[in-house]
Amino acid sequence: MKLSEKPREKNIAPPLWLLAEVTYRCPLNCVFCYNPVDYAKQHNELTTAEWVKVLREGRKMGAAQLGLSGGEPLLRKDLEEIVEEARKLGYYVNLLTSGIGMTEERIKNLKIAGLDHIQLSFQDSTKEMNDFLSSTKTFDLKKKVAGLIKEYDYPMVLNCVLHRLNIDHIEQILNMAEAMGAEFVELANTQFYSWGMLNRDQLLPSEEQLKRAEKITHKFRDRLGNKMKLFFIMPDYYSTRPKKCMNGWGNVFITVQADGMVLPCHVASMLPDINFESVRNKSLDWIWYKSPGFNKFRGDDWMKEPCKSCPEKENDLGGCRCQAFMLTGDPNAADPVCDKSPHHSKISEAVIASQKPSNYERPIVFRTDNDSRKIMQKRDKGQLDITSSRLLERDSKPSKEKSRVGLV
Ligand code: SF4
Ligand code: SF4
């Protein structure tokens, strides 16, 4: 297809990655889920025709990679149609899935439709912990899906989100990946947003745990080389400089939520005083180049000290706006991960607290429609400080899960 030749807005490159969060419905209830905590408000998913329009507009702007995620994208009965259209338009199409809903018939049809890549997530190498963390009985099903991925000749790409409760199983996780014939394994430490932030005290690993996990990952890397490529993503909390979030706000990635709202990253809807636009009302092109939301944190005009005059600002662009907002209440502040930030103690205190076993005392919160609705109700009544990581603390009751966590 011929890409648009009209001159681009000064200094704004086109998006390369389009992330389509096609649904927030999900059979799993992961404790680290990155979906917005108020996801339950999204009942009005884009239709097939609306997604096709989004894909066409994105491709015309220059986007080349499409990620289909959720929720669980396999819950959309039209997934094959969306994949087929995307492939025809020339996208490289990647499905990010928990595997639940994948059958032999579906994988066959997705292959025919032109799906290029499947990333399958596991919560752990043990059935007990995998099923506990997602509050479902899905471990055996995931193993079957891993077999189907191999059978249908896809590269085996496994993802496992790491945290305090499973990081000590890293050797077993990597052994499992090797036994499954994984070519790529992404070991991404939980980033503390959304549901992960609610459960931060239970999920933040200790420094000792991280060091051990890194050492074991290196051992596997040395032994397996290119046969199984390993990506180990550190949690921000153990750095003194923040990440260049999304490779820069409105720079490479564009995310379209299930109801059509367009964001520079999948959690940016938490930021105050920004009206993000929907593909139902505006074109993707206008949203990317012209909308106030996408231009808000481009460049460095918005920066305050210490970022404004910082010689390192090109490296990280002041870090993550959402993390700055969650931890300081100010989205224009330096990301507190940075040790030059006056709020860096918010990070170091959390790291110190993570060394204490008493963190297990608070019950863990699962991502459920019910809790998502509770959070919305509180927010609507003005009872919610959305910068707090303890949104549900007053409601949380000791639960069976608490003792199960303690056993691991
Ligand atoms: S992280 Fe878990 S609960 Fe959240 S969308 Fe993915 S599979 Fe579903
Ligand atoms: S002060 Fe700001 S720009 Fe400088 S390193 Fe820290 S976060 Fe980055």
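The model shown is predicted, which means the values in this text are computed figures rather than measured ones. (Residues numbered from 1 in each chain as written. Chains lettered and ligands numbered in written order. Predicted model: local features only at pLDDT ≥ 70, side-chain atom pairs only at ≥ 80, totals over all residues.)

Focus: the packing of helix α1 (residues 48-61) against helix α2 (residues 79-89)
For the record, the criterion: Comment: axis = line fitted to C-alpha atoms, over the contacting stretch for helices; angle = value between 0 and 180 degrees taken between N-to-C directions. By the criteria applied, helices consist of DSSP H or I runs no shorter than four residues and strands consist of E runs no shorter than two, each listed in order from the N terminus. Any angle from 65 to 115 degrees is called roughly perpendicular, while one under 35 is roughly parallel, one over 145 is roughly antiparallel, and all others are oblique. Should the near helix be turned counterclockwise from the far one by less than a right angle, the crossing is left-handed, whereas a clockwise turn marks it as right-handed. The contact criterion used here is simple: two residues whose C-beta atoms, placed from the backbone, lie within 7 Å are in contact. Residues are grouped as follows: nonpolar covers Ala, Val, Leu, Ile, Met, Phe, Trp, Tyr, Cys and Pro; charged covers Asp, Glu, Lys and Arg; every other residue, Gly included, is treated as polar.
Running from N to C, α1 and α2 point in directions that differ by 20 degrees, and their axes come no closer than 10 Å. With respect to α2, the element α1 is oriented roughly parallel. Helix-helix and strand crossings are classified by hand; for α1 and α2 the assignment is right-handed. Across the interface between the two elements, T48, W51, V52, L55, R56 and R59 from α1 touch E81, I82, E85, A86 and L89 from α2. Partitioned by chemical class, the residues of the contact of α1 with α2 number six nonpolar, one polar and four charged.

A look at the site of ligand 2
As a reminder, the rule being used: Near, for a residue, is defined by distance from a backbone-placed C-beta atom to a molecule or strand, with 6 Å as the limit that must not be exceeded.
The environment of ligand 2 is made up of 14 residues, and the closest members are C307, C310, E312, K313 and C338. Each residue belonging to the shell around ligand 2 can be placed in one class, and the counts come to six nonpolar, two polar and six charged.

Observations concerning the confidence of the model for the protein chain
Let me state the cut-off plainly: Confidence scores labelled pLDDT are given residue by residue by the predictor and lie between 0 and 100.
Confidence in the prediction of the protein chain, expressed as mean pLDDT, is 88, and 90% of residues score 70 or more. Counting interchain partners and residues more than four positions distant, the pLDDT-below-50 stretch residues 1-7 has seven contacts. Residue range residues 388-408 is modelled with pLDDT below 50. Its contacts to residues more than four positions away, or to other chains, number 28 contacts.

Re the pairing of strand β5 (residues 157-162)
Applicable threshold: Counting other C-beta atoms within 10 Å of each residue's C-beta, where C-beta atoms are placed from the backbone, gives the exposure class: buried for 20 or more, exposed for 12 or fewer, partly exposed between. Paired strands, as defined in this entry, are two strands with at least two bridges between them according to DSSP. Crossover handedness is defined here as right-handed if the route from the first strand over the helix to the second strand goes clockwise, with the strands pointing away from the viewer.
Burial runs high along β5: five of the six residues are buried. Bridge analysis of strand β4 (residues 117-122) against β5 gives four bridges, and the strand direction is parallel. Paired with S121 across the strands is N159, a residue of β5. As paired elements, β5 and strand β6 (residues 184-189) share six bridges and run parallel to each other. The residue bridging V161 from the neighbouring strand is A188, located in β6. For the crossover that starts at β5, traverses helix α6 (residues 170-179) and ends in the parallel β6, the hand is right-handed.

A look at the sheet that holds strand β2 (residues 65-69)
Spatially, nine strands are ordered β7-β6-β5-β4-β3-β2-β1-β8-β9 in an open sheet, and the strand pairing comes out mixed. Both outer strands of the open sheet, β7 (229-233) and β9 (262-263), are each paired with one neighbouring strand and no more. Strand direction decides the pairing type here: β6 and β7, joined by five bridges, are parallel. Within β7, the residue paired with V185 across the bridge is L230.

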